[in-house]
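For reference, the chains in residue letters:
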Amino acid sequence: MVRGRKKKITWIIIALLSVFFVAGTISVFIVSQKVLPTDDLRLAREALTVAKDAGADLYAEKLYKESVQMYDSAMVNWSRENSEFILFRDYTRVINFAKSSKEKAEEAEEASIKKAANLSQNAEAAFVSLEKKIELYRRLFKDLPLSKSVFDAHNKSKMLLSESKIAHESGKLKDAEILFKKAEIYINHANHAASKMLRDYFNDYSNWNNLANNAISASHGGNKVILVDKVAHILYVYQSGKAIRSYEAEFGPNWMAHKERTGDKATPEGNYHVTSEKVRGNTIYHKALLLDYPNDEDRRRFALNKKKGLISRNAGIGSLIEIHGNGGKGFNWTSGCIGLRDRDIDDLCRLVGSGTRVTIVGSIEPLSVVTKGLDF
Amino acid sequence: MKSKLIIAIAAMGVAVLFSSCAKVPQTEIDAATASIQEVKDAGADLYVPEAYQALVDSMKSANEKVEVAKAKWFPNYTKAKDQLAVISQMAVDTKAKSETRKVELQAEVEAMIAEVKTLNEENTALIAKAPRGKEGAAALEAIKSDIAVTETTVTEVEALLANGDLIGSNDKIKAAQEKATAIKAELEEAIAKKGGR
(Lines give C-alpha, C1' and ligand atoms only; values in the text may rest on other atoms or scores of the structure.)
Protein backbone atom coordinates (compact mmCIF):
# COMPACT_ATOMS: atom_id res chain seq x y z
CA MET A 1 0.00 0.00 0.00
CA VAL A 2 2.79 2.39 1.06
CA ARG A 3 4.90 1.28 -1.86
CA GLY A 4 2.10 2.03 -4.26
CA ARG A 5 1.73 5.52 -2.83
CA LYS A 6 5.42 6.25 -3.16
CA LYS A 7 5.34 5.12 -6.73
CA LYS A 8 2.43 7.38 -7.40
CA ILE A 9 4.26 10.37 -5.86
CA THR A 10 7.36 9.61 -7.89
CA TRP A 11 5.31 9.60 -11.06
CA ILE A 12 3.68 12.87 -10.11
CA ILE A 13 7.11 14.49 -9.52
CA ILE A 14 8.45 13.13 -12.78
CA ALA A 15 5.37 14.45 -14.54
CA LEU A 16 5.76 17.86 -12.89
CA LEU A 17 9.44 18.02 -13.75
CA SER A 18 8.64 17.07 -17.32
CA VAL A 19 6.01 19.78 -17.52
CA PHE A 20 8.46 22.23 -15.96
CA PHE A 21 11.15 21.20 -18.42
CA VAL A 22 8.86 21.50 -21.41
CA ALA A 23 7.54 24.87 -20.16
CA GLY A 24 11.10 26.06 -19.58
CA THR A 25 12.19 24.94 -23.03
CA ILE A 26 9.24 26.69 -24.62
CA SER A 27 9.95 29.85 -22.57
CA VAL A 28 13.61 29.84 -23.55
CA PHE A 29 12.56 29.41 -27.17
CA ILE A 30 10.08 32.31 -26.91
CA VAL A 31 12.61 34.58 -25.19
CA SER A 32 15.32 33.72 -27.68
CA GLN A 33 12.97 34.77 -30.46
CA LYS A 34 12.48 38.25 -28.90
CA VAL A 35 14.65 40.94 -30.51
CA LEU A 36 16.50 43.01 -27.93
CA PRO A 37 16.84 46.79 -28.59
CA THR A 38 20.58 46.70 -27.86
CA ASP A 39 21.79 47.55 -31.36
CA ASP A 40 19.14 50.22 -31.89
CA LEU A 41 20.08 51.93 -28.64
CA ARG A 42 23.77 51.77 -29.47
CA LEU A 43 23.18 53.24 -32.93
CA ALA A 44 21.03 56.00 -31.45
CA ARG A 45 23.70 56.80 -28.86
CA GLU A 46 26.42 56.90 -31.52
CA ALA A 47 24.28 59.14 -33.74
CA LEU A 48 23.76 61.47 -30.79
CA THR A 49 27.51 61.66 -30.20
CA VAL A 50 28.14 62.45 -33.87
CA ALA A 51 25.40 65.12 -33.79
CA LYS A 52 26.88 66.68 -30.66
CA ASP A 53 30.32 66.71 -32.27
CA ALA A 54 28.73 68.60 -35.17
CA GLY A 55 27.49 71.18 -32.68
CA ALA A 56 23.83 70.10 -32.91
CA ASP A 57 23.25 70.99 -29.25
CA LEU A 58 24.03 74.59 -30.28
CA TYR A 59 22.98 74.91 -33.89
CA ALA A 60 20.05 72.45 -34.09
CA GLU A 61 19.01 72.65 -30.48
CA LYS A 62 15.37 71.61 -30.90
CA LEU A 63 16.07 68.54 -33.02
CA TYR A 64 18.96 67.52 -30.79
CA LYS A 65 16.85 67.84 -27.65
CA GLU A 66 14.09 65.76 -29.25
CA SER A 67 16.62 63.11 -30.14
CA VAL A 68 17.97 63.05 -26.57
CA GLN A 69 14.42 62.82 -25.19
CA MET A 70 13.65 59.88 -27.46
CA TYR A 71 16.81 58.10 -26.43
CA ASP A 72 15.91 58.67 -22.78
CA SER A 73 12.36 57.43 -23.42
CA ALA A 74 13.78 54.31 -25.06
CA MET A 75 15.92 53.64 -21.98
CA VAL A 76 13.01 54.24 -19.58
CA ASN A 77 10.77 51.92 -21.59
CA TRP A 78 13.49 49.29 -21.80
CA SER A 79 13.90 49.38 -18.05
CA ARG A 80 10.12 49.19 -17.59
CA GLU A 81 9.79 46.23 -19.93
CA ASN A 82 12.66 44.48 -18.16
CA SER A 83 10.76 44.76 -14.91
CA GLU A 84 7.90 42.72 -16.44
CA PHE A 85 7.91 38.90 -16.36
CA ILE A 86 10.32 37.78 -19.02
CA LEU A 87 7.67 36.16 -21.20
CA PHE A 88 5.51 39.27 -21.23
CA ARG A 89 8.19 41.75 -22.27
CA ASP A 90 7.66 43.71 -25.47
CA TYR A 91 10.49 45.87 -26.80
CA THR A 92 8.63 47.31 -29.78
CA ARG A 93 8.20 50.76 -28.23
CA VAL A 94 11.81 50.76 -27.07
CA ILE A 95 13.04 49.98 -30.56
CA ASN A 96 10.74 52.58 -32.08
CA PHE A 97 12.01 55.26 -29.67
CA ALA A 98 15.62 54.28 -30.37
CA LYS A 99 15.09 54.40 -34.13
CA SER A 100 13.38 57.79 -33.89
CA SER A 101 16.20 59.06 -31.69
CA LYS A 102 18.75 57.98 -34.29
CA GLU A 103 16.79 59.59 -37.12
CA LYS A 104 16.37 62.84 -35.17
CA ALA A 105 20.06 62.85 -34.26
CA GLU A 106 20.99 62.46 -37.92
CA GLU A 107 18.59 65.26 -38.86
CA ALA A 108 20.07 67.40 -36.09
CA GLU A 109 23.59 66.71 -37.35
CA GLU A 110 22.65 67.71 -40.90
CA ALA A 111 20.76 70.80 -39.74
CA SER A 112 23.65 71.76 -37.48
CA ILE A 113 26.21 71.53 -40.26
CA LYS A 114 24.01 73.74 -42.47
CA LYS A 115 23.34 76.24 -39.68
CA ALA A 116 27.02 76.43 -38.77
CA ALA A 117 27.94 77.02 -42.40
CA ASN A 118 25.30 79.76 -42.62
CA LEU A 119 26.47 81.36 -39.39
CA SER A 120 30.04 81.28 -40.60
CA GLN A 121 29.07 82.83 -43.94
CA ASN A 122 26.97 85.48 -42.21
CA ALA A 123 29.82 86.28 -39.86
CA GLU A 124 32.26 86.66 -42.74
CA ALA A 125 29.81 88.90 -44.60
CA ALA A 126 29.24 90.91 -41.41
CA PHE A 127 32.99 91.33 -40.93
CA VAL A 128 33.31 92.79 -44.43
CA SER A 129 30.33 95.08 -43.89
CA LEU A 130 31.56 96.24 -40.47
CA GLU A 131 35.06 96.88 -41.77
CA LYS A 132 33.58 99.03 -44.54
CA LYS A 133 31.61 101.02 -41.98
CA ILE A 134 34.68 101.44 -39.77
CA GLU A 135 36.68 102.57 -42.82
CA LEU A 136 33.88 104.98 -43.76
CA TYR A 137 34.09 106.50 -40.30
CA ARG A 138 37.88 106.75 -40.59
CA ARG A 139 37.68 108.46 -43.98
CA LEU A 140 34.75 110.79 -43.43
CA PHE A 141 33.93 111.27 -39.80
CA LYS A 142 37.03 110.87 -37.67
CA ASP A 143 37.88 114.58 -37.80
CA LEU A 144 34.37 115.77 -37.02
CA PRO A 145 33.80 117.30 -33.59
CA LEU A 146 31.71 114.34 -32.49
CA SER A 147 30.50 113.76 -28.97
CA LYS A 148 32.44 111.40 -26.71
CA SER A 149 29.62 108.85 -26.83
CA VAL A 150 29.88 108.66 -30.63
CA PHE A 151 33.65 108.42 -30.48
CA ASP A 152 33.45 105.69 -27.80
CA ALA A 153 30.80 103.80 -29.79
CA HIS A 154 33.13 103.71 -32.80
CA ASN A 155 36.04 102.42 -30.72
CA LYS A 156 33.85 99.90 -28.92
CA SER A 157 32.64 98.54 -32.26
CA LYS A 158 36.23 97.97 -33.37
CA MET A 159 37.00 95.99 -30.22
CA LEU A 160 33.80 93.95 -30.51
CA LEU A 161 34.64 93.18 -34.12
CA SER A 162 38.04 91.84 -33.01
CA GLU A 163 36.36 89.73 -30.32
CA SER A 164 33.87 88.42 -32.86
CA LYS A 165 36.66 87.44 -35.23
CA ILE A 166 38.45 85.56 -32.44
CA ALA A 167 35.21 83.73 -31.53
CA HIS A 168 34.68 82.89 -35.21
CA GLU A 169 38.21 81.54 -35.58
CA SER A 170 37.75 79.29 -32.54
CA GLY A 171 34.47 77.93 -33.92
CA LYS A 172 32.22 79.73 -31.43
CA LEU A 173 29.89 80.83 -34.18
CA LYS A 174 26.97 81.85 -31.99
CA ASP A 175 29.26 83.95 -29.79
CA ALA A 176 30.73 85.47 -32.95
CA GLU A 177 27.21 86.31 -34.14
CA ILE A 178 26.27 87.95 -30.83
CA LEU A 179 29.49 89.98 -30.86
CA PHE A 180 29.27 91.18 -34.46
CA LYS A 181 25.65 92.16 -33.91
CA LYS A 182 26.73 94.24 -30.91
CA ALA A 183 29.56 95.74 -32.97
CA GLU A 184 27.04 96.56 -35.68
CA ILE A 185 24.81 98.41 -33.20
CA TYR A 186 27.75 100.51 -32.00
CA ILE A 187 29.15 101.33 -35.45
CA ASN A 188 25.68 102.10 -36.83
CA HIS A 189 25.08 104.46 -33.92
CA ALA A 190 28.44 106.17 -34.47
CA ASN A 191 28.10 106.42 -38.25
CA HIS A 192 24.47 107.52 -38.09
CA ALA A 193 25.24 110.30 -35.60
CA ALA A 194 28.29 111.38 -37.60
CA SER A 195 26.54 111.33 -40.97
CA LYS A 196 23.59 113.26 -39.53
CA MET A 197 26.00 115.86 -38.19
CA LEU A 198 27.70 116.15 -41.57
CA ARG A 199 24.44 116.30 -43.55
CA ASP A 200 22.92 118.86 -41.17
CA TYR A 201 26.06 120.94 -41.43
CA PHE A 202 25.88 120.94 -45.22
CA ASN A 203 22.34 122.33 -45.13
CA ASP A 204 24.13 125.69 -45.21
CA TYR A 205 26.05 124.82 -48.34
CA SER A 206 24.18 127.21 -50.69
CA ASN A 207 25.01 130.07 -48.33
CA TRP A 208 28.67 129.03 -48.19
CA ASN A 209 28.74 128.68 -51.96
CA ASN A 210 27.48 132.26 -52.36
CA LEU A 211 29.98 133.55 -49.79
CA ALA A 212 32.85 131.73 -51.49
CA ASN A 213 31.86 132.88 -54.99
CA ASN A 214 31.55 136.46 -53.77
CA ALA A 215 34.95 136.24 -52.11
CA ILE A 216 36.55 134.89 -55.27
CA SER A 217 34.80 137.60 -57.32
CA ALA A 218 36.13 140.19 -54.88
CA SER A 219 39.67 138.99 -55.64
CA HIS A 220 39.30 140.10 -59.28
CA GLY A 221 41.26 143.19 -60.06
CA GLY A 222 44.29 142.08 -58.06
CA ASN A 223 42.80 142.17 -54.57
CA LYS A 224 43.96 139.46 -52.26
CA VAL A 225 41.17 137.68 -50.45
CA ILE A 226 41.49 134.98 -47.79
CA LEU A 227 39.01 132.12 -48.14
CA VAL A 228 38.89 129.55 -45.36
CA ASP A 229 37.36 126.09 -45.97
CA LYS A 230 36.64 124.57 -42.55
CA VAL A 231 35.80 121.05 -43.73
CA ALA A 232 38.90 120.83 -45.92
CA HIS A 233 40.94 122.56 -43.17
CA ILE A 234 42.53 124.81 -45.79
CA LEU A 235 43.10 128.54 -45.87
CA TYR A 236 43.36 129.85 -49.46
CA VAL A 237 44.66 133.20 -50.66
CA TYR A 238 42.84 134.23 -53.82
CA GLN A 239 43.98 136.86 -56.24
CA SER A 240 42.39 137.64 -59.58
CA GLY A 241 40.02 134.71 -59.16
CA LYS A 242 42.83 132.20 -58.61
CA ALA A 243 44.12 130.50 -55.48
CA ILE A 244 47.69 131.70 -55.21
CA ARG A 245 48.39 130.04 -51.85
CA SER A 246 46.86 127.34 -49.71
CA TYR A 247 47.81 126.39 -46.16
CA GLU A 248 46.68 123.63 -43.85
CA ALA A 249 44.56 125.16 -41.10
CA GLU A 250 43.40 124.07 -37.66
CA PHE A 251 40.41 125.32 -35.71
CA GLY A 252 38.74 124.93 -32.35
CA PRO A 253 37.50 121.51 -31.12
CA ASN A 254 33.94 122.65 -31.93
CA TRP A 255 34.98 123.84 -35.39
CA MET A 256 31.86 122.71 -37.23
CA ALA A 257 29.61 125.03 -35.32
CA HIS A 258 29.24 128.71 -36.17
CA LYS A 259 30.65 130.83 -33.36
CA GLU A 260 27.82 132.16 -31.18
CA ARG A 261 29.30 133.07 -27.81
CA THR A 262 32.46 133.31 -25.73
CA GLY A 263 34.13 130.00 -24.99
CA ASP A 264 32.18 127.82 -27.45
CA LYS A 265 35.46 126.86 -29.20
CA ALA A 266 33.72 127.41 -32.54
CA THR A 267 35.15 129.21 -35.57
CA PRO A 268 32.82 131.84 -37.05
CA GLU A 269 31.50 131.67 -40.62
CA GLY A 270 30.91 134.73 -42.78
CA ASN A 271 32.71 137.74 -44.16
CA TYR A 272 35.36 139.43 -42.01
CA HIS A 273 38.39 141.65 -42.43
CA VAL A 274 41.85 141.74 -40.98
CA THR A 275 41.93 144.62 -38.54
CA SER A 276 45.53 144.40 -37.41
CA GLU A 277 48.68 142.35 -37.64
CA LYS A 278 50.41 141.17 -34.47
CA VAL A 279 54.08 140.43 -34.72
CA ARG A 280 56.26 138.40 -32.37
CA GLY A 281 56.08 139.88 -28.86
CA ASN A 282 52.47 140.98 -29.32
CA THR A 283 51.09 137.47 -29.58
CA ILE A 284 51.92 134.14 -27.98
CA TYR A 285 51.15 132.46 -31.33
CA HIS A 286 54.25 133.53 -33.27
CA LYS A 287 52.32 136.00 -35.47
CA ALA A 288 48.62 136.80 -35.78
CA LEU A 289 46.07 138.58 -37.98
CA LEU A 290 43.18 139.86 -35.86
CA LEU A 291 39.72 139.67 -37.48
CA ASP A 292 36.76 141.95 -36.98
CA TYR A 293 34.64 139.28 -35.31
CA PRO A 294 31.90 139.89 -34.31
CA ASN A 295 30.48 141.58 -37.42
CA ASP A 296 26.99 143.09 -37.66
CA GLU A 297 25.42 139.82 -38.65
CA ASP A 298 27.07 138.00 -35.73
CA ARG A 299 25.69 140.64 -33.33
CA ARG A 300 22.20 140.36 -34.82
CA ARG A 301 22.23 136.57 -34.55
CA PHE A 302 23.65 136.73 -31.02
CA ALA A 303 20.87 139.10 -29.91
CA LEU A 304 18.20 136.94 -31.52
CA ASN A 305 19.54 133.73 -29.95
CA LYS A 306 19.70 135.41 -26.58
CA LYS A 307 16.12 136.59 -27.00
CA LYS A 308 15.05 133.05 -27.87
CA GLY A 309 16.83 131.77 -24.80
CA LEU A 310 19.25 129.71 -26.91
CA ILE A 311 22.17 131.48 -25.28
CA SER A 312 22.57 132.23 -21.59
CA ARG A 313 21.68 135.79 -20.59
CA ASN A 314 25.14 136.23 -19.09
CA ALA A 315 27.03 134.94 -22.15
CA GLY A 316 29.26 137.23 -24.18
CA ILE A 317 29.58 137.16 -27.96
CA GLY A 318 33.33 136.63 -27.83
CA SER A 319 36.16 138.39 -29.62
CA LEU A 320 39.82 138.13 -30.59
CA ILE A 321 39.31 135.71 -33.44
CA GLU A 322 42.61 135.55 -35.25
CA ILE A 323 44.55 133.76 -37.91
CA HIS A 324 47.71 132.83 -36.01
CA GLY A 325 50.74 130.56 -35.82
CA ASN A 326 51.73 127.64 -33.59
CA GLY A 327 49.69 125.33 -35.82
CA GLY A 328 50.63 122.06 -37.49
CA LYS A 329 49.57 120.08 -34.42
CA GLY A 330 47.36 117.83 -36.48
CA PHE A 331 44.16 118.38 -34.57
CA ASN A 332 41.72 121.17 -33.76
CA TRP A 333 43.13 122.83 -30.71
CA THR A 334 42.47 126.58 -30.89
CA SER A 335 39.76 128.45 -29.03
CA GLY A 336 38.00 129.20 -32.32
CA CYS A 337 40.87 130.92 -34.16
CA ILE A 338 42.49 129.67 -37.35
CA GLY A 339 45.86 128.08 -36.59
CA LEU A 340 48.59 127.87 -39.24
CA ARG A 341 52.14 126.58 -39.12
CA ASP A 342 54.62 129.35 -38.21
CA ARG A 343 56.20 129.30 -41.65
CA ASP A 344 52.74 129.60 -43.22
CA ILE A 345 51.65 132.58 -41.08
CA ASP A 346 54.99 134.21 -41.94
CA ASP A 347 54.23 133.72 -45.64
CA LEU A 348 50.61 134.89 -45.24
CA CYS A 349 51.69 138.04 -43.38
CA ARG A 350 53.97 138.89 -46.31
CA LEU A 351 50.99 138.61 -48.68
CA VAL A 352 48.16 140.30 -46.80
CA GLY A 353 47.62 142.91 -44.12
CA SER A 354 45.01 145.09 -42.46
CA GLY A 355 41.80 145.42 -44.45
CA THR A 356 42.15 142.09 -46.27
CA ARG A 357 38.83 140.38 -46.69
CA VAL A 358 38.54 137.02 -44.91
CA THR A 359 35.63 134.76 -45.86
CA ILE A 360 35.14 131.70 -43.70
CA VAL A 361 32.82 128.97 -44.98
CA GLY A 362 31.95 125.44 -43.92
CA SER A 363 32.96 124.06 -47.28
CA ILE A 364 33.73 125.33 -50.75
CA GLU A 365 32.83 121.94 -52.24
CA PRO A 366 29.40 120.31 -51.99
CA LEU A 367 28.87 117.28 -49.74
CA SER A 368 29.02 114.81 -52.64
CA VAL A 369 32.53 116.02 -53.54
CA VAL A 370 33.70 116.15 -49.92
CA THR A 371 32.54 112.58 -49.35
CA LYS A 372 34.07 111.51 -52.68
CA GLY A 373 30.79 109.89 -53.66
CA LEU A 374 30.96 107.48 -50.73
CA ASP A 375 27.63 106.01 -49.76
CA PHE A 376 26.91 106.80 -46.12
CA MET B 1 15.41 6.98 -1.28
CA LYS B 2 15.20 7.51 -4.98
CA SER B 3 12.23 9.81 -4.63
CA LYS B 4 13.99 11.89 -1.97
CA LEU B 5 16.87 12.38 -4.35
CA ILE B 6 14.58 13.53 -7.11
CA ILE B 7 12.81 15.94 -4.76
CA ALA B 8 16.17 17.35 -3.62
CA ILE B 9 17.33 17.89 -7.21
CA ALA B 10 14.07 19.60 -8.11
CA ALA B 11 14.27 21.84 -5.07
CA MET B 12 17.85 22.75 -5.87
CA GLY B 13 16.90 23.53 -9.46
CA VAL B 14 14.19 25.91 -8.35
CA ALA B 15 16.52 27.48 -5.77
CA VAL B 16 19.25 27.99 -8.37
CA LEU B 17 16.71 29.40 -10.81
CA PHE B 18 15.56 32.11 -8.42
CA SER B 19 18.75 32.78 -6.50
CA SER B 20 20.71 33.41 -9.71
CA CYS B 21 18.68 36.58 -10.45
CA ALA B 22 21.56 38.98 -9.57
CA LYS B 23 20.67 42.46 -8.36
CA VAL B 24 21.04 45.60 -10.48
CA PRO B 25 24.28 47.38 -9.44
CA GLN B 26 22.32 50.41 -8.27
CA THR B 27 25.01 51.55 -5.84
CA GLU B 28 27.59 51.62 -8.62
CA ILE B 29 25.15 53.37 -10.98
CA ASP B 30 24.36 56.02 -8.38
CA ALA B 31 28.04 56.50 -7.58
CA ALA B 32 28.95 56.91 -11.26
CA THR B 33 26.03 59.30 -11.85
CA ALA B 34 27.02 61.38 -8.83
CA SER B 35 30.66 61.49 -9.93
CA ILE B 36 29.61 62.74 -13.40
CA GLN B 37 27.48 65.44 -11.80
CA GLU B 38 30.44 66.42 -9.62
CA VAL B 39 32.63 66.66 -12.73
CA LYS B 40 30.01 68.84 -14.44
CA ASP B 41 29.75 71.06 -11.37
CA ALA B 42 33.54 71.49 -11.59
CA GLY B 43 33.01 72.97 -15.08
CA ALA B 44 34.44 70.04 -17.04
CA ASP B 45 31.79 70.49 -19.74
CA LEU B 46 33.32 73.92 -20.38
CA TYR B 47 37.02 73.38 -19.75
CA VAL B 48 37.50 69.80 -21.06
CA PRO B 49 34.37 69.27 -23.18
CA GLU B 50 35.68 66.26 -25.11
CA ALA B 51 36.65 64.34 -21.96
CA TYR B 52 33.34 65.24 -20.35
CA GLN B 53 31.38 64.07 -23.39
CA ALA B 54 33.31 60.76 -23.41
CA LEU B 55 32.30 60.30 -19.78
CA VAL B 56 28.62 60.94 -20.52
CA ASP B 57 28.70 58.55 -23.48
CA SER B 58 30.33 55.86 -21.34
CA MET B 59 27.60 56.25 -18.75
CA LYS B 60 24.94 55.81 -21.40
CA SER B 61 26.70 52.72 -22.66
CA ALA B 62 26.90 51.34 -19.09
CA ASN B 63 23.17 51.92 -18.60
CA GLU B 64 22.54 50.01 -21.82
CA LYS B 65 24.71 47.15 -20.52
CA VAL B 66 22.64 47.06 -17.34
CA GLU B 67 19.45 46.73 -19.38
CA VAL B 68 21.00 44.09 -21.62
CA ALA B 69 21.82 42.07 -18.49
CA LYS B 70 18.36 42.65 -17.02
CA ALA B 71 16.79 41.32 -20.20
CA LYS B 72 18.37 37.89 -19.70
CA TRP B 73 17.00 34.87 -17.85
CA PHE B 74 20.02 34.90 -15.61
CA PRO B 75 21.25 38.51 -15.37
CA ASN B 76 24.95 39.00 -15.06
CA TYR B 77 26.02 42.56 -14.33
CA THR B 78 29.76 41.96 -14.29
CA LYS B 79 30.42 43.87 -17.54
CA ALA B 80 28.22 46.76 -16.47
CA LYS B 81 29.87 46.88 -13.04
CA ASP B 82 33.32 46.87 -14.63
CA GLN B 83 32.33 49.76 -16.90
CA LEU B 84 30.80 51.69 -14.02
CA ALA B 85 34.04 51.31 -12.08
CA VAL B 86 35.96 52.62 -15.11
CA ILE B 87 33.51 55.55 -15.34
CA SER B 88 34.04 56.47 -11.70
CA GLN B 89 37.80 56.48 -12.30
CA MET B 90 37.34 58.45 -15.55
CA ALA B 91 35.29 60.99 -13.61
CA VAL B 92 38.11 61.48 -11.13
CA ASP B 93 40.60 61.94 -14.00
CA THR B 94 38.28 64.29 -15.90
CA LYS B 95 37.72 66.41 -12.83
CA ALA B 96 41.47 66.63 -12.31
CA LYS B 97 41.96 67.57 -15.98
CA SER B 98 39.28 70.21 -15.68
CA GLU B 99 40.86 71.69 -12.57
CA THR B 100 44.26 71.71 -14.27
CA ARG B 101 42.82 73.41 -17.36
CA LYS B 102 41.12 76.01 -15.17
CA VAL B 103 44.40 76.78 -13.42
CA GLU B 104 46.20 76.95 -16.78
CA LEU B 105 43.51 79.18 -18.27
CA GLN B 106 43.56 81.47 -15.25
CA ALA B 107 47.34 81.75 -15.55
CA GLU B 108 47.07 82.38 -19.30
CA VAL B 109 44.47 85.11 -18.82
CA GLU B 110 46.46 86.73 -16.02
CA ALA B 111 49.60 86.61 -18.15
CA MET B 112 47.73 88.20 -21.07
CA ILE B 113 46.29 90.89 -18.80
CA ALA B 114 49.81 91.70 -17.61
CA GLU B 115 51.04 91.67 -21.22
CA VAL B 116 48.28 94.02 -22.40
CA LYS B 117 48.94 96.36 -19.47
CA THR B 118 52.63 96.43 -20.35
CA LEU B 119 51.81 96.98 -24.02
CA ASN B 120 49.50 99.85 -23.09
CA GLU B 121 52.27 101.46 -21.04
CA GLU B 122 54.77 100.94 -23.86
CA ASN B 123 52.32 102.33 -26.40
CA THR B 124 51.66 105.40 -24.27
CA ALA B 125 55.43 105.95 -24.06
CA LEU B 126 55.81 105.42 -27.82
CA ILE B 127 53.19 108.08 -28.55
CA ALA B 128 55.58 110.70 -27.15
CA LYS B 129 58.22 109.57 -29.67
CA ALA B 130 55.87 109.30 -32.64
CA PRO B 131 55.86 111.91 -35.44
CA ARG B 132 53.34 114.70 -34.93
CA GLY B 133 52.77 116.11 -38.40
CA LYS B 134 49.21 116.90 -39.45
CA GLU B 135 48.29 113.32 -40.32
CA GLY B 136 50.56 111.94 -37.60
CA ALA B 137 49.01 113.94 -34.80
CA ALA B 138 45.50 113.07 -35.93
CA ALA B 139 46.48 109.41 -36.10
CA LEU B 140 47.99 109.67 -32.62
CA GLU B 141 44.70 111.00 -31.28
CA ALA B 142 42.97 107.96 -32.77
CA ILE B 143 45.64 105.65 -31.32
CA LYS B 144 45.22 107.24 -27.89
CA SER B 145 41.53 106.41 -28.00
CA ASP B 146 42.34 102.86 -29.11
CA ILE B 147 44.65 102.51 -26.12
CA ALA B 148 41.84 103.77 -23.91
CA VAL B 149 39.57 101.05 -25.32
CA THR B 150 42.12 98.30 -24.59
CA GLU B 151 42.49 99.70 -21.06
CA THR B 152 38.71 99.52 -20.61
CA THR B 153 38.74 95.96 -21.96
CA VAL B 154 41.40 94.98 -19.41
CA THR B 155 39.16 96.34 -16.64
CA GLU B 156 36.22 94.36 -18.03
CA VAL B 157 38.34 91.20 -18.24
CA GLU B 158 39.49 91.61 -14.66
CA ALA B 159 35.83 91.84 -13.60
CA LEU B 160 34.97 88.70 -15.60
CA LEU B 161 37.93 86.89 -14.05
CA ALA B 162 36.83 87.92 -10.57
CA ASN B 163 33.41 86.37 -11.38
CA GLY B 164 35.09 83.14 -12.44
CA ASP B 165 34.26 83.53 -16.15
CA LEU B 166 37.56 82.20 -17.46
CA ILE B 167 36.36 81.39 -20.98
CA GLY B 168 34.75 84.82 -21.47
CA SER B 169 37.76 86.63 -20.05
CA ASN B 170 40.11 84.59 -22.22
CA ASP B 171 38.27 85.50 -25.45
CA LYS B 172 38.06 89.17 -24.50
CA ILE B 173 41.67 89.59 -23.44
CA LYS B 174 42.85 87.93 -26.67
CA ALA B 175 41.10 90.69 -28.64
CA ALA B 176 42.69 93.35 -26.42
CA GLN B 177 46.10 91.69 -26.82
CA GLU B 178 45.75 91.70 -30.62
CA LYS B 179 44.71 95.34 -30.57
CA ALA B 180 47.53 96.44 -28.26
CA THR B 181 50.09 94.51 -30.32
CA ALA B 182 48.77 96.10 -33.53
CA ILE B 183 48.97 99.57 -31.96
CA LYS B 184 52.57 98.94 -30.92
CA ALA B 185 53.50 97.78 -34.43
CA GLU B 186 51.82 100.86 -35.93
CA LEU B 187 53.66 103.23 -33.59
CA GLU B 188 57.01 101.51 -34.08
CA GLU B 189 56.57 101.68 -37.85
CA ALA B 190 55.75 105.39 -37.68
CA ILE B 191 58.76 106.05 -35.45
CA ALA B 192 61.03 104.00 -37.73
CA LYS B 193 59.83 106.01 -40.75
CA LYS B 194 60.48 109.24 -38.87
CA GLY B 195 64.00 108.04 -38.06
CA GLY B 196 64.57 107.07 -41.68
CA ARG B 197 63.83 110.54 -42.99
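The model shown is predicted, which means the values in this text are computed figures rather than measured ones.

**Here's the deal with the pairing of strand β3 (residues 242–248) of chain A**
Pairing analysis gives 6 bridges linking strand β2 (residues 234–239) of chain A to β3(A), with the strands arranged antiparallel. Paired with Y238(A) across the bridge in β3(A) is A243(A).

**Describing the packing of helix α4 (residues 61–82) of chain A against helix α4 (residues 49–70) of chain B**
Axis angle and axis distance: for two packed helices, these are the angle between their axes and the distance between the axes, and together they describe the pair. Relative orientation of the contacting elements α4(A) and α4(B) amounts to 25°, with a least axis distance of 9 Å. With respect to α4(B), the axis of α4(A) lies roughly parallel. For α4(A) against α4(B), the interelement crossing comes out left-handed. Each of M75(A), W78(A), S79(A) and N82(A) in α4(A) lies in contact with α4(B), whose residues at this interface are N63(B), E67(B) and K70(B). Tallied by class, residues from the contact of α4(A) with α4(B) come to 2 nonpolar, 3 polar and 2 charged.

**Things to note about the interface of chain A and chain B**
The parts lose accessible area when they come together, and the size of an interface is often stated as this lost area. With 33 residues of chain A in contact, the opposing surface of chain B contributes 34 residues. Contributing elements (two or more residues each) for the side of chain A that touches chain B: α1 (2–33), α2 (38–53), α4 and α6 (148–169) of chain A. Looking at the side of chain A that touches chain B, the element that brings in the most residues is α6(A), giving 8 residues. The residue makeup of the side of chain A that touches chain B, split by class, is 14 nonpolar, 9 polar and 10 charged.

**Topic: unusual backbone geometry**
Residue and element names in this part refer to chain A. In this model, Y293 is joined to P294 through a cis peptide bond whose omega is 0°. Residue position: P294 is located in the loop between β5 (288–291) and α9 (296–307). The backbone of H233 sits at a positive phi, close to 60°, despite the residue not being glycine. Owing to 18 C-beta atoms within 10 Å, H233 belongs among the partly exposed residues under this scheme. Positive phi, normally seen in glycine, also occurs at S240, with a value near 55°. Within the secondary structure layout, S240 lies in the loop between β2 and β3.

**A word on the nonpolar core**
Residues and elements named next belong to chain A. Ranked by internal contacts, the top residues of the largest apolar core, which has 87 residues, are L227 and L235. Broken down by element, this core gets its largest block of residues, 10 residues, from helix α7 (residues 173–201). The residues contacting L227, other than those within four sequence positions of it, are A212, A215, I216, Y236, Y238 and T359. Residues L41, A47, Y64 and M70 belong to the second largest nonpolar core, which totals 24 residues.

**Overview of α7(A)**
Taking 1.5 Å of rise per residue, 29 residues should cover 42 Å, and α7(A) covers 41 Å from first to last C-alpha, within 8% of that figure. Turning to α7(A), its buried residues number three or more, namely L173(A), A176(A), L179(A), F180(A), A183(A), Y186(A), I187(A), A190(A), N191(A), A194(A) and L198(A).

Rules used in this analysis
Residues numbered from 1 in each chain as written. Chains lettered and ligands numbered in written order. Predicted model: local features only at pLDDT ≥ 70, side-chain atom pairs only at ≥ 80, totals over all residues. Pairing = 2+ DSSP bridges. Helix = DSSP H or I, 4+ residues; strand = E, 2+ residues; numbered from the N terminus. Axes fitted to C-alpha atoms, helices over the stretch in contact; angles between N-to-C directions. Parallel < 35°, antiparallel > 145°, perpendicular 65-115°, else oblique. Left-handed = near helix turned anticlockwise from the far one by under 90°. Contact = placed C-beta atoms within 7 Å. Nonpolar A, V, L, I, M, F, W, Y, C, P; charged D, E, K, R; others polar. Buried ≥ 20, exposed ≤ 12 C-beta atoms within 10 Å, placed from the backbone. Core = buried A, V, L, I, M, F, W, Y, C linked by C-beta atoms within 7 Å. Expected span 1.5 Å × (residues − 1).

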